[in-house]
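# Observations on chain architecture
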Amino acid sequence: MQIAIIGGGAAGFFAAINCAEANPDCRVTIFERGKSVLEKVRISGGGRCNVTHACFDARALVQYYPRGQRELLGPFLRFGPAETIAWFEQRGVQLKTEADGRMFPTTDDSGTIVACLQRAAQQAGVQVMTSSRVEHIAPASSGAWQLQINGDERPRIFQKLMIASGSNPAIWQLLRGLGHSIVEPVPSLFTFNTKDTRLRDLSGVSVPDAALRITGTSLSARGPLLITHWGLSGPAILRISAWGARQLYDLNYRFPLEINFTGDKKIAEIQEELLRLKTAQGKKTVAAHPYPDIPLRFWQQLTAAAGIRPELRWADLDKKTVQALAEQTGAATFQIAGKSTFKEEFVTAGGVFLKEVDFKTFESRLQPNLYLAGEVLDIDAITGGFNFQAAWTGGWIAGRALAEVRG
Ligand SMILES: Cc1cc2nc3c(=O)[nH]c(=O)nc-3n(C[C@H](O)[C@H](O)[C@H](O)COP(=O)(O)OP(=O)(O)OC[C@H]3O[C@@H](n4cnc5c(N)ncnc54)[C@H](O)[C@@H]3O)c2cc1C
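Being a predicted model, the structure only gives us computed values, none of them experimental. (Residues numbered from 1 in each chain as written. Predicted model: local features only at pLDDT ≥ 70, side-chain atom pairs only at ≥ 80, totals over all residues. Heavy atoms only, no water.)

### A word on the domain arrangement of the chain
When its domains are assigned, the chain resolves into domain 1 (2–186 + 345–403) and domain 2 (190–341). On a C-alpha basis, the centres of domain 1 and domain 2 stand 40 Å from each other. Each partner contributes residues to the interface: domain 1 has 13 residues there, and domain 2 has eight residues. Summed over both partners, the interface of domain 1 with domain 2 comes to about 880 Å²; 66% of that surface belongs to carbon and sulfur atoms. Run the count over domain 1 and domain 2 and you get zero salt bridges. Applying the counting rule to domain 1 against domain 2 returns two residue pairs in polar contact (both at pLDDT 80 or more). (Domains from an automatic or database assignment. Contact = heavy atoms within 4.5 Å. Buried area = accessible area lost by both parts, 1.4 Å probe. Salt bridge = Lys/Arg side-chain N within 4 Å of Asp/Glu carboxyl O. Polar contact = N/O pair within 3.5 Å; in protein donor to acceptor, adjacent residues only side chain to side chain.)

### Some details on the nonpolar core
Buried together is how nonpolar side chains tend to be arranged in soluble globular proteins. With 89 residues, the main nonpolar core has Leu147 and Leu175 as its most contacted residues. With eleven residues, the single largest contributor to this core is helix α13 (residues 386–403). Filtering out sequence-adjacent residues up to four positions away, Leu175 remains in contact with Ile163, His180, Ile182, Val352, Leu370, Leu372 and Val376. (Core = buried A, V, L, I, M, F, W, Y, C linked by side-chain atoms within 4.5 Å. Buried < 20%, exposed > 50% of the residue type's maximum accessible area, 1.4 Å probe, protein only. Helix = DSSP H or I, 4+ residues; strand = E, 2+ residues; numbered from the N terminus.)

### Describing the sheet that holds strand β8 (residues 145–149)
The three strands lie next to each other as β7-β8-β9, forming an open sheet whose pairing is antiparallel. This sheet does not close on itself; its edge strands, each paired only once, are β7 (134–139) and β9 (156–158). Pairs of neighbouring strands in the sheet enclose a mean axial angle of 30°, with direction left out of account. Pairing analysis gives three bridges linking β8 to β9, with the strands arranged antiparallel. Bridged to Gln146 within β9 is Ile157. (Pairing = 2+ DSSP bridges. Axes fitted to C-alpha atoms, helices over the stretch in contact; angles between N-to-C directions.)

### A short note on the pairing of strand β19 (residues 347–352)
A regular strand places its side chains on the two faces of the sheet in alternate fashion. Among the six residues of β19, six are classified as buried, and the element is accordingly described as predominantly covered. The sheet contact formed by strand β11 (residues 182–188) and β19 spans five bridges and is antiparallel. Within β19, the residue paired with Ser188 across the bridge is Val347.

### Brief notes about unusual backbone geometry
For Leu38, which is not glycine, the phi dihedral falls at a positive 55°. With respect to the element layout, Leu38 can be found in the loop between β2 (27–31) and α2 (39–47). Residues other than glycine seldom take positive phi values, yet Cys49 does so here, at roughly 60°. Of note, Cys49 is situated in the loop between α2 and β3 (52–53). On the basis of relative accessible area, Cys49 is assigned to the buried category, the value being 0%.

### What about the sheet that holds strand β4 (residues 95–97)?
Whether parallel or antiparallel, the strands of a sheet pair through hydrogen bonds between backbone atoms. In space, the three strands of this open sheet follow the order β3-β5-β4, with antiparallel pairing throughout. Two strands lie at the open edges of the sheet, namely β3 and β4, each paired on one side alone.

### Observations regarding the layout of surface pockets
Approximately 1000 Å³ is the volume attributed to the largest pocket. Lining the largest pocket are 48 residues; nearest its centre among them are Gly9, Lys40, Ser165, Gly166 and Glu375. Listing elements by their share of the lining of the largest pocket, those giving two or more residues are α1 (10–22), α2, β7, α7 (169–177) and α13. Partitioned by chemical class, the residues of the lining of the largest pocket number 20 nonpolar, 17 polar and eleven charged. By volume, the second largest pocket amounts to about 360 Å³. In terms of lining, the second largest pocket is formed by 18 residues, of which the most central are Asp100, Arg102, Pro235, Thr383 and Gly384. In terms of residues, the lining of the second largest pocket owes the most to one element, helix α8 (residues 235–243), which gives three residues. The class makeup of the residues in the lining of the second largest pocket is six nonpolar, seven polar and five charged. A domain-level breakdown of the lining of the second largest pocket finds at least three residues from each of domain 1 (2–186 + 345–403) and domain 2 (190–341). (1 Å grid on protein atoms, 1.4 Å probe; cavity = no way out; pocket = protein on both sides within 12 Å on 5 of 7 lines; lining within 4 Å. Points joined across faces, edges and corners; volume = space filled by probe spheres on them. Nonpolar A, V, L, I, M, F, W, Y, C, P; charged D, E, K, R; others polar.)

### A word on the site of the ligand
Taken together, the neighbourhood of the ligand is formed by 33 residues, with Glu32, Arg33, Glu344, Glu375 and Phe388 sitting nearest. Measuring from a nitrogen atom of the ligand, one finds a backbone N or O atom of Asn50 at 3.0 Å. The backbone of Phe388 places a nitrogen or oxygen atom 2.7 Å from an oxygen atom of the ligand. Protein chains bury 94% of the 1000 Å² of accessible surface belonging to the ligand in isolation. Those elements that provide at least two residues to the shell around the ligand are α1, α2 and α13. The dominant element in the shell around the ligand, judged by the number of residues it contributes, is α2, at four residues. Its residues assigned to classes, the shell around the ligand comprises twelve nonpolar, 13 polar and eight charged. (Near = heavy atom within 4 Å. Areas by Shrake-Rupley, 256 points an atom, 1.4 Å probe, with all protein chains shown as cover.)

### Quick look at the side chain of Thr393
Its place among the elements puts Thr393 in helix α13. By relative accessible area, which is 0% here, Thr393 ends up buried. A polar atom in the side chain of Thr393 sits 2.8 Å from the backbone oxygen of Phe79. Once residues lying within four places of it in the same chain are set aside, the contact partners of Thr393 are Pro75, Phe76 and Phe79.

This is how it looks when you write it as structure tokens:
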């Protein structure tokens, strides 16, 4: 059985290897338009490759996927992070877990993952064709597929075809031609730009637990927040950028962001805490003695924004200023104007409409013998190894299904 895989990325390699290992009668060929394969794996996680996440309950795991949550539950029950860890371990790669649950190779080098996948592909007899751009796909007779590669005049015939081309507009266009609907692609996992003076010269300062809300939407997120040269980043921002990928695109990335720097404390509770500090440390200056967990340099900006002079003592805070300071601490609004790429990891939200795919096999419901996995689908997650996990899961299940001979 001749099997073609379009795309030499995480999903394509995983499908190819698992197909060839499951059925040695399959002749599997990966077509990769680039000069080399697995480029995103190589650059991923800052060169360390965040392979997966130590989350072993499928129901908890799907919560990290703004798109694909419902569809991935079944697939994760079959091949989730535990199976991914075992898969790599069986092929000589040990993974380790960091404090936040992210999993990396113990070598801290993405090259370990790339080498493992290339070796496994070679051992399973997978043929890898680089500099091979698939330009056209069309159904051939008896349910087979014909592919046009690099402008070749004669198309090549394959019994089964898998598309693992990532977020590639030309392939989405071909899929539209085959009747598939494509959910408009928009970026996900980005940071926010703002020129707010409260953040000036604070690049690198972080707040351990901030709660974010985007005014006029139902979007919210919680977690550590990092101040950058351009604005705001950190887990809380990346999270809200993923959940709000489409809405924020529609807002042209211009919107008011409300931040509670205390996490979940209400304004009244913050006021109470400020009054407690007023009593406890009356002789100390407000600007130099911050609210718990707020970094000193940032607190100085918040106190200035509340109209507090640097020499003002806690004992001299009046009611109105306590109120203003509580608002700066628990409900500060920042005008966001644009986004920046988060260099460590980014993905595209959008892709093949999920209702058109059978998630038992990752086969198209519209075109028999056509399989789809990875970022080509309208599936994406927040940062933490979840995006690769979706690629491994889809690649593994599709690979097994590709290997099956239809009666
Ligand atoms: C900088 C960066 C860091 C990241 N870090 C992480 C991380 O640490 N952890 C994590 O979980 N996720 C990470 N991600 C996300 C992750 O890389 C993707 O979700 C994942 O690579 C998707 O795999 P894929 O196989 O679907 O697509 P891709 O990896 O994009 O592979 C698709 C392949 O198809 C090829 N192709 C496209 N069109 C054609 C064609 N017509 N003919 C032939 N070949 C074609 C492309 O050249 C490409 O090689 C990161 C992303 C980026 C950009």
